[in-house]
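Coordinates in review
Each chain is listed here by its residues.
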Amino acid sequence: MGGTGEESALAGMMGPVLDKLASLVEKYTELKNVRKKMEQLRKELIAINLALEKHAAMESPDAQAKAWAAEMRELAYDLEDSIDLFTHHVDHEPPDTTTGVKRFFLRMIRKLKKLHYRHRFAQEIKELHDLANESYRRRKRYRIEEGGSSISHAEIDPRLQALYVEVEKLVGIQGPSQEIIGRLVGENPPAERQRVVAIVGSGGSGKTTLAKQVYEKIRGQFSCAAFVSVSQKPNMISLLWEFLSQIGSHGGDLGLMAIGSRSEKQLIDSLRSHLKNQRNDFHCFTNLLIGIVVIDDVWTKSAWETIQCALPNNGHTSKVIMTTRINSVGQFSCTSDEGFIYQMKPLSRNDSEKLFLKRTLCDEDEFPVQLEGIKDEIIEKCDGLPLAIVTLASMIATKPRTEEEWERALNSIHSMHEKDSGLEVIDKILSLSYSDLPHNMRNCLLYLSTFPEDHMIYKDILVWRWIAEGFITEKQGFTLEQVAESYFYEFVNRSLVQPITLRSRYETRGEGGCRVHDIVLNFLISRSTEENFLTMLYGQGVPSSDQRIRRLSVWDNPEHALAVSRATMNLSHLRSVSICNVGGWTMPPVLDLPVLRVLDLEGCRDLRIVDPDCILSLFHLRYLGFCSASGVVLPDQIGNLHKLQTIDLSGTGVTQLPESIVRLKRLMHLIGQRLIMPDGFGNMESLQELGTIDCWKCSINFGEDLALLSRLRVLRVTFIGLETSDVETRKKSLMSSLCKLGGNNLRHVTINDHVGGGDCFVDSWYPPPRLLQKFIHISQYFSRFPKWISSCLCDLTHLDIKVEKMEQEYLRILEDLPAIRSLYLFVKQVSEDGLIISRGAFRCLSRFEFCNIDGPGLIFEGGMRMLEWLRLGFDADKAQSTYGSLEVGIHHLSSLKHIVLIVWMISEGGNDPVEEAVKSVISGLKMLPNSPTLDIRFRRRSRLAGTE
């Protein structure tokens, strides 16, 4: 099960330090004495790292083990800082612009400085080696490796209370349980019922409680039943034995055998045999179904596969409910048509209050008025998570009903150091998820504590900052960004963060992001504080000057931001600083932050940068974020920050970039709106994401520079301005560069075209961009369907275009796109006989918009099993005349969750027959399996101009 996060995260943190040491040993072969010390230190750290991994597996490391791990953490930080500073001073050569005698003396001074830095580094390595040596000897001397709790005890499974909760205490479970029961044993014909239902949700969301209630309600309909819990590291023999005992298989001497006397295969064979016999014995003579089995808390696909071997598929007469907090495991269990995934939802505000009142034994009518505000704040903090509500309410129920006591309980949620014993169950459940993460992902999860409560976090910003912090290591065949994105999606998969769609910073449809549940965030803040991973200044005092701060986060707090300006804290070891949403903050003229990697000033209003050159001293800076800040000024010599990877100017109004920016050879992401790129930006060879660039104001030869960016993956451009004679030249220049980039790494293109026609983008893209995943063309209609869009675009997942006329043959081309997930089509005309989406088309499509305001739109024959979001715009009169009905086949789309219809018509005054006909057709859509939300908007023909 993994131990505390401190040792676990640290075990993963040693990796980068060991890699840097190894690189240094190879590079500086001439430093014989230092090289020997570095090799010794590296061997020492390898041994320490192995010990740390052993500690990470301890259930309850004691204070001695924790103190030793904390010491190793600081040692690793100091060593990495020392290496980074040394390599900068020795490797960095400033531009040599002098001549003659002056050049000679400057070179001599540099050589002397390098000797000084080498001598100082050698001394630091010796001191760190001595510290590591002494620490390792002390670990052996005091046998810290045996530092786990010496008291043998069995920990209480936090799921137990969910298994034995009284029905009268349950809230908000009636609807979900009825839906699952309907899926398993409802009124539908047996062939339409599900065999497997996977209940998926985060820890504490009520999965076990829901599964238990469904199990108890329907177990009487089955000849045998079992409810078994798997856990993180299951003993499969014990689990299968428990399974056998519950379904009543005690034939022969099975009941007298020791658990270890049978192998997994023997137990699986016994289970299969018993369940098959049940079918023969009961199904032919009674109305009973064969078996109902609940497999609770499955963590891995391999565990599910083993259990599934014991469950013969007796058609639809055997039923399985499984619960998991891992989305991919739930999907894996429901790969066939016999499976259904039930995604847990948070309790509504009303149900949350009911549950809180039940658990505090308070009557709603007699609830103390003076406690209403505190009650509401606690419920809001729990955000519909049943475990959090039950835990806090149960804790409060034992205390006097006074404001002071309830305020103390509320504050315990925020407490990062002292937790009420009643909150331990929450900590335990979240620790399970945290400990199950690979070592290299734990720092990435802890980093989420940088952001305040309820903050909407853009995925891209999070990924770029992980990379800048050095949390992401390369994998063969993948970029750093791809590896980091896989971590993000794994957190979503494990229900540790909640995925959301955010307002786009780039004038497109929306961006991916996440938010962190308050309870999870408090857990992460607690862990971050325990291991000095992050210092968040939020309501507490400023840290003492002797505390080493590695990462600092200040949000919405001008007083603490001022303390940073005045350097009242020890910031010399700072790696990351976020000062966000603070008005009028003055950036200090001198920034003595030698190891700073991340500087984030998001949302700082009226930012006062007295001397823009102050940031030029941050020679290790990799991430510079000004998102939505005002008063931003970039230094003219920003090109001197050679390690910069990301510059985020989105929402700042900054458009003109310093000419020196083209010297940033390591810059991977340059983000903003209407950026005017200086000539020579083609030298920025590492750029992977660029935009939005203003093609109207850049040099007319901008396309030549653009074509040189062979690593570019994401490009956003805009044409805004008056149409002039060179507009076609500029568009052709862009198209020429796209043809070259399309054969390299280009994945995502957004063209915001407000000037002239877009026909140069229709036929000229050759060869087709085979790696393209996303194409968005805003504003202008293509006069014809683009030739380069064909089934050869195997990776295209998102397409957003406007076309003058859509023929059936073009629709067939789109249907053949194998990976398309989001499709947005705006057309002026369709074929005379309309458009039909054929049965079985668009197997991967989840979002679809088709807007044909002057035409009949299209109809669906069926299929599109993944489609969840649909938006259609059409003329009702033309749809009626073309298709003979307003029934467009939406009832075939069984997975829909959201439907938006925009219907144009000629107004008939009062009870419009067309409007009534549309409403009549749409009313039946509420019976679709997911009960989709319906949004119908009627537009009168006379109001067409200026509408959507």
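Keep in mind it's a predicted model, so treat the numbers as computed, not measured. Sequence order as written defines the numbering, with residues in each chain counted from 1. Reporting of local features is limited, given that this is a predicted model, to residues whose pLDDT is at least 70; pairs of side-chain atoms are given and counted only at 80 or more, and all residues count toward the totals for whole chains, interfaces and linings. Based on all heavy atoms of the structure, the side-chain values leave hydrogens and waters out of the count.

1. Let's talk about the overall build of the protein
- Helix and strand definitions here come from DSSP, where helices need a minimum of 4 consecutive H or I residues and strands a minimum of 2 consecutive E residues; each element is numbered from the N-terminal end. When its secondary structure is counted, the protein shows 27 helices and 29 strands.
- Each residue gets one of three labels from its accessible area relative to the maximum for its type: buried under 20%, exposed over 50%, partly exposed in between, using a 1.4 Å probe on protein chains only. Counting over 948 residues, the protein shows a buried share of 54%.
- Residues are treated as being in contact if the distance between any of their heavy atoms lies within 4.5 Å. By sequence separation, contacts in the protein at least 24 residues apart represent 64% of the contacts at least 6 residues apart.
- Working definition of accessibility: Shrake-Rupley area with a 1.4 Å probe, residue cover restricted to the visible protein chains. Working note: accessible area of the protein is about 41,300 Å², and carbon and sulfur atoms make up 50% of it.

2. Notes on the confidence of the model for the protein
- The score called pLDDT rates the predictor's confidence residue by residue, from a low of 0 to a high of 100. Here the protein averages 80 in pLDDT, and 80% of its residues register 70 or above.
- The element-level mean pLDDT for the protein is lowest in helix 5 (residues 160-163), coming to 55, with strand 16 (residues 646-648) highest at 97.
- This stretch, residues 250-259, has a pLDDT under 50; its non-local contacts, to residues over four places away or in other chains, come to 11 contacts.
- Contacts from residues 282-286, a stretch scored under 50 in pLDDT, to residues over four places away or in other chains number 8 contacts.

3. Regarding the sheet that holds strand 7 (residues 498-502)
- Any two strands between which DSSP finds at least two bridges are classified as paired. Taken in spatial order, the 3 strands make up an open sheet running 6-8-7, and their pairing is antiparallel. A single partner strand is all that each edge strand has here, and the edge strands are strand 6 (457-458) and strand 7.
- Across 5 bridges, strand 7 lies against strand 8 (residues 511-515) in antiparallel orientation. Considered in strand 8, the bridge of leucine 502 is made with glutamate 511.

4. A word on the nonpolar core
- Working definition of a nonpolar core: buried Ala, Val, Leu, Ile, Met, Phe, Trp, Tyr and Cys residues. They are joined through side-chain atoms within 4.5 Å. Residues Leu670, Leu690, Phe848 and Ile890 are the most contacted members of the largest nonpolar core, which totals 128 residues.
- Broken down by element, the residue count for this core peaks at 6 residues, all from helix 23 (residues 727-741).
- For each domain, the first and last residues come from an automatic or database assignment. Looking at which domains feed residues into this core, each of domain 3 (674-780) and domain 4 (800-947) gives three or more.
- Other than its neighbours up to four places away in sequence, isoleucine 890 contacts Phe860, Leu870, Leu872, Leu896, Ile899, Leu901, Leu925 and Leu928.
- Listed in part, the 74 residues of the second largest apolar core include Tyr77, Val492, Val516 and Val520.

5. Structural notes on the packing of helix 12 (residues 349-359) against helix 14 (residues 386-397)
- Inter-axis angles, ranging from 0 to 180 degrees, are taken between N-to-C directions of lines fitted to C-alpha atoms, where helices are fitted over the stretch in contact. For the pair helix 12 and helix 14, interaxial distance at closest approach is 8 Å and the crossing angle is 30°. The way helix 12 lies across helix 14 gives a crossing that is right-handed. Listed contacts from helix 14 to Ser352, Leu355, Phe356 and Arg359 of helix 12 are Pro386, Ile389, Val390, Ala393, Ser394, Ile396 and Ala397. Left-handed describes a crossing whose near helix is turned anticlockwise from the far helix by less than a right angle; the clockwise case is right-handed.

6. Re the packing of aromatic side chains
- We call Phe, Tyr and Trp rings a pair once their centres come within 6.5 Å, taking the six-membered ring for Trp, and we label the pair stacked below 30 degrees between planes, edge-to-face above 60, and tilted otherwise. For the coordinates displayed, the defined rule picks out 15 aromatic pairs.
- Over a ring means this: the NZ of a Lys or the CZ of an Arg is within 6 Å of the ring centre and within 35 degrees of the ring normal. The ring of phenylalanine 227 is capped by lysine 212, whose NZ or CZ atom sits 5.2 Å from the centre of that ring.
- Positioned above the aromatic ring of tyrosine 781, the side-chain terminus of lysine 828 is 4.7 Å from the ring centre.

7. Focus on the environment of serine 435
- In this structure, serine 435 sits in helix 16 (residues 424-435).
- Using a relative accessible area of 10% as the deciding quantity, one classes serine 435 as buried.
- Expressed as a C-alpha distance, the spacing of serine 435 and glutamine 232, which sit 203 residues apart in the sequence, is 9.7 Å.

8. Some thoughts on the packing of helix 18 (residues 459-469) against helix 19 (residues 480-493)
- Running from N to C, helix 18 and helix 19 point in directions that differ by 120°, and their axes come no closer than 9 Å. Taken together, the axis directions place helix 18 and helix 19 in an arrangement best described as oblique. In this structure, the crossing between helix 18 and helix 19 has a hand that is right-handed. Every residue of helix 19 that contacts helix 18 at Lys459, Asp460, Leu462, Val463, Trp464, Trp466 and Ile467 is listed here: Leu480, Glu481, Ala484, Glu485, Tyr487, Phe488, Tyr489 and Phe491.
- Throughout, the ten residues Ala, Val, Leu, Ile, Met, Phe, Trp, Tyr, Cys and Pro are labelled nonpolar, Asp, Glu, Lys and Arg are labelled charged, and all others, Gly among them, are labelled polar. The class makeup of the residues in the contact of helix 18 with helix 19 is 11 nonpolar, no polar and 4 charged. Between 65 and 115 degrees an angle is taken as roughly perpendicular, under 35 as roughly parallel, over 145 as roughly antiparallel, and anywhere else as oblique.

9. Some points on the pairing of strand 23 (residues 822-830)
- Burial analysis of strand 23 places 7 of its 9 residues in the buried class, which makes it a mostly covered element.
- Direction of pairing for strand 22 (residues 798-806) relative to strand 23: parallel, over a ladder of 8 bridges. From the neighbouring strand, leucine 799 faces strand 23, where its bridge partner is leucine 823.
- Assignment of crossover handedness uses the view with strands pointing away from the viewer, where a clockwise path from the first strand over the helix to the second indicates a right-handed crossover. Between strand 22 and its parallel partner strand 23, the chain crosses via helix 25 (residues 808-815), and the hand of that crossover is right-handed.

10. So, unusual backbone geometry
- Each neighbour pair has its own omega, and for glycine 691 with threonine 692 the value is 5°, a cis peptide bond.
- Tracing the sequence through the fold places threonine 692 in strand 18 (residues 689-694).
- Omega for the peptide link from tyrosine 766 to proline 767 comes to -5°, which places this bond in the cis form.
- Of note, the phi angle at asparagine 532 is positive, near 55°, even though the residue is not glycine.
- Residue placement: asparagine 532 occurs in the loop between helix 20 (518-530) and strand 9 (535-537).
- One non-glycine residue, serine 628, adopts positive backbone phi at about 65°.
- Checked against the element boundaries, serine 628 lands in the loop between strand 15 (623-625) and strand 16.

11. Description of the pattern of salt bridges
- Salt bridges, as used here, are contacts in which a Lys or Arg side-chain nitrogen is within 4 Å of a carboxyl oxygen on Asp or Glu. For the structure on display, the rule yields 29 salt bridges.
- Notably, a salt bridge pairs glutamate 485 with lysine 459, separated by 3.0 Å at the nearest N-O pair. One end of the pair, glutamate 485, is in helix 19; the other, lysine 459, is in helix 18, and 26 residues separate them in sequence.
- Here glutamate 485 falls in the partly exposed class, since its relative accessible area comes to 22%.
- With a relative accessible area of 10%, lysine 459 lands in the buried category.
- Across the pair glutamate 815 and arginine 812 runs a salt bridge whose closest N-O atoms are separated by 3.0 Å.

12. Digging into helix 27 (residues 913-923)
- Buried within helix 27 are the following residues: Val914, Glu915, Val918 and Ile922. Along helix 27, the residues classed as buried sweep out an arc of 100° about the axis, all on the same side. Of the exposed residues in helix 27, those oriented more than 90 degrees away from the buried face are Pro913 and Ser920.
- Elements that come into contact with the buried residues of helix 27 comprise helix 26 (876-883), strand 28 (898-905) and strand 29 (933-940). The directions considered for the arc run from the helix axis to the C-beta atoms.

13. A look at the environment of glycine 703
- Turning to its location among the elements, glycine 703 is positioned in helix 22 (residues 702-706).
- The sequence separation of glycine 703 and serine 737 amounts to 34 residues, and the corresponding C-alpha distance is 5.5 Å.

14. Quick notes on the pairing of strand 19 (residues 714-719)
- With respect to burial, strand 19 is a largely interior element, 6 of its 6 residues being buried.
- Every second residue of strand 19 is oriented toward a common face, with Val714, Arg716 and Thr718 on one face and Leu715, Val717 and Phe719 on the other, all of them buried.
- As paired elements, strand 18 and strand 19 share 4 bridges and run parallel to each other. Bridge assignment links aspartate 694 to a residue of strand 19, and that residue is threonine 718.
- The pairing of strand 19 with strand 20 (residues 748-753) spans 6 bridges and is classified as parallel. Note that in strand 20 the partner of threonine 718 across the bridge is asparagine 752.

15. Let's talk about the environment of aspartate 694
- Along the chain, aspartate 694 falls in strand 18.
- The class for aspartate 694 is buried, based on a relative accessible area of 1%.
- In this structure the C-alpha to C-alpha distance between aspartate 694 and valine 717, which are 23 residues apart in sequence, comes to 6.1 Å.
- Beyond its immediate sequence surroundings of up to four residues, aspartate 694 is in contact with Arg674, Leu675 and Thr718.

16. Looking at the side chain of histidine 777
- Among the secondary structure elements, histidine 777 is positioned in strand 21 (residues 774-779).
- Polar contacts here mean pairs of N or O atoms no more than 3.5 Å apart (in protein, one a potential hydrogen donor and the other a potential acceptor; neighbouring residues in sequence count only if both atoms are side-chain atoms). For histidine 777, the side chain forms a polar contact with the main-chain oxygen of glutamine 780, separated by 3.4 Å.

17. Topic: the state of the cysteines
- Here, a disulfide means two cysteine sulfur atoms that sit within 2.5 Å of each other. The final tally for this structure, using the stated rule, is 0 disulfides.
- A disulfide-free cysteine, cysteine 698 has its sulfur positioned 6.2 Å from the sulfur of cysteine 695, the nearest such atom.

18. Regarding helix 13 (residues 372-382)
- Residues of helix 13 that are buried: Ile374, Lys375, Ile378, Ile379, Lys381 and Cys382. Buried residues of helix 13, seen end-on, are gathered within an arc of 160° and therefore sit on one face of the element.
- One or two residues past the end of helix 13 sits aspartate 383, with phi positive at roughly 50°.

19. Digging into a negative patch on the surface
- Patch building starts from residues that exceed 30% relative accessible area and form no salt bridge, then joins like charges within 9 Å and nonpolar side chains (Val, Leu, Ile, Met, Phe, Trp, Tyr) within 5 Å. For the purpose of counting charges, residues Lys and Arg are taken to be positive, whereas Asp and Glu are taken to be negative. His and the chain ends are not included. Charge coordinates come from a single atom per side chain, which is NZ of Lys, CZ of Arg, CG of Asp or CD of Glu. On the surface, a cluster of negative charge is contributed by Glu377, Glu380, Glu403 and Glu407.
- Among the secondary structure elements, those contributing two or more residues to the negative patch are helix 13 and helix 15 (403-414).
- Along the polypeptide, glutamate 407 turns up in helix 15.
- A relative accessible area of 33% means that glutamate 407 is categorised as partly exposed.

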